[in-house]
Amino acid sequence: MSTSRTTLQDVGAAPGAGVLETRLTGLSAEEFARDVWARKPLLTRRASDFSDLFSAEAVDELISRRGLRTPFLRVAKDGSTLPDATFTSSAGVGATISDQLDDTALWRAFADGATLVLQALQRTWGPVGEFGTRLSAQLGHPVQANAYVTPPQSRGFDAHYDVHDVFVLQIAGTKRWLVHEPVHPDPLRDQPWTEHRSAVAEAARGAAHLDTVLEPGDVLYLPRGWLHAAEALGGVSVHLTLGIHTWTRYALAEQLAQAALAALRDEPWMRSTLPLGVDGPDGELGMIREHLLAAVTKADPAPLFHRARRGQGRPAPLGPLAQLAAVDGLGPDTPVRLRAALEARLEGPRLTTRVGWLDFSEADLPSVSRLLDGEARTAGDLGVALVGRLLRAGVLVPAGE
């Protein structure tokens, strides 16, 4: 095993730290950001007991009782993904949608060596969703969660790289991981490993940067672009992959360019027609370049950034019955708080969130501003009418929820 750029860590974090420190790395957020983030793999032995997040029993529950549909599950064997029709069917009277998971077909595929991939668990399994929300808040990047369930001695996917960072949490069983250095460092979202298939295959035949076996409680962090392949050993392996969909400087450049182009649409000269008989752009490019550079200099990409960020996640779950009870029972002593994972921002008199925007009077702005720290407060402290409006909009929730 190469250790020149891979860190092996035993967890031991200070009290009061976030999930990055207490459950995934054992490093402080500052140490992780400085020494590891987006730079090199990190292997953390005995990071945590993850039985509160996920388990083999959770796999059976999701597949056999929850009525999941594609694409909440993929099935892979011998490096390829199986057609959805091979493991889905109608669920009978009252549930005739044809793409629901067929537990009998999945059992047969699993017994035949196929890997089951439960996708977007942040939407279907509460503890994983809550954990992902906390990690996303700490990292400042969106988080998606998948579970990989691999039968003994089986390998789900050939060596490849992801276009997002990952934390691999071993839940049950053991799995051998082979990790190789990138052939295309820091790939963007539209630069998948299949564009470098031959280079990936060649690199995977060389000596591994990391060859290790993960056991329950171990965590492996891989930055995007690092090649990896995994194989279950003597028993069934279950692991969670937390995919960190990182923001990049290129993404910010895209948004800066979009903001500049939007401003240029308002310039009559830019909307004007090129001269009659023009046979090329050379005569126009100088002036256009000057206008574009001026627009980029003045452009503010922040609104686009925050809008895109809000669109990449969902707020915390909202129970309609509990919310209605809070509205109906609203009084000065009712405790409320800002709904979690709302990405709420106060921009002048406007509050923008993942569930829409609201404008407020000057008198209400101090109370709205105080809500943004997420602390519980009483309706009387904030203003009963204001709290009622925010409860009905799905921005506030009962403090006990």
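Rules behind the numbers
Residues numbered from 1 in each chain as written. Predicted model: local features only at pLDDT ≥ 70, side-chain atom pairs only at ≥ 80, totals over all residues. Heavy atoms only, no water. Phe/Tyr/Trp six-rings, centres within 6.5 Å; stacked < 30°, edge-to-face > 60°. Lys NZ or Arg CZ within 6 Å of the ring centre and 35° of its normal. Pairing = 2+ DSSP bridges. Helix = DSSP H or I, 4+ residues; strand = E, 2+ residues; numbered from the N terminus.

Colleague: Whenever I open this one, the packing of aromatic side chains confuses me. Can you help?
Modeller: For any pair of aromatic rings, geometry is given as the distance between the ring centres together with the angle between the planes. For the structure on display, the rule yields 8 aromatic pairs. Geometrically, the ring pair formed by Phe32 and Trp37 is tilted, given 6.1 Å between the ring centres and 50° between the ring planes. Feature note: the residues Phe32, Trp37, Phe167 and Tyr221 constitute an aromatic cluster, connected by ring pairs. Its end group placed over the ring of Trp357, Arg350 keeps NZ or CZ at 3.6 Å from the ring centre. The ring of Phe360 is capped by Arg389, whose NZ or CZ atom sits 4.8 Å from the centre of that ring.

Colleague: Quick question: what am I supposed to make of the pairing of strand β10 (residues 175–180) here?
Modeller: Side chains on a regular strand alternate between the two faces of the sheet. Sheet analysis places β10 next to strand β11 (residues 210–214), joined by 5 bridges and oriented antiparallel. The residue bridging Val179 from the neighbouring strand is Leu210, located in β11. Across 6 bridges, β10 lies against strand β13 (residues 227–232) in antiparallel orientation. Residue pairing in the sheet places His180 in a bridge with Leu227 of β13.

Colleague: Where do I start with the pairing of strand β17 (residues 350–353) in this structure?
Modeller: Two strands pair when backbone bridges link them, and strand β16 (residues 345–347) and β17 are joined in this way by 3 bridges, in the antiparallel orientation. By the bridge assignment for β17, Leu346 is matched with Leu351. In this antiparallel pair of consecutive strands, β16 and β17, the connection spans 2 residues, and Gly348 shows a positive phi of 65°. Sheet topology places β17 next to strand β18 (residues 356–359); 4 bridges connect them, and they run antiparallel. Residue Thr353 lies in a different strand from β18, and its bridge partner there is Gly356. The turn joining β17 and β18, which pair antiparallel and follow one another in sequence, is formed by 2 residues.

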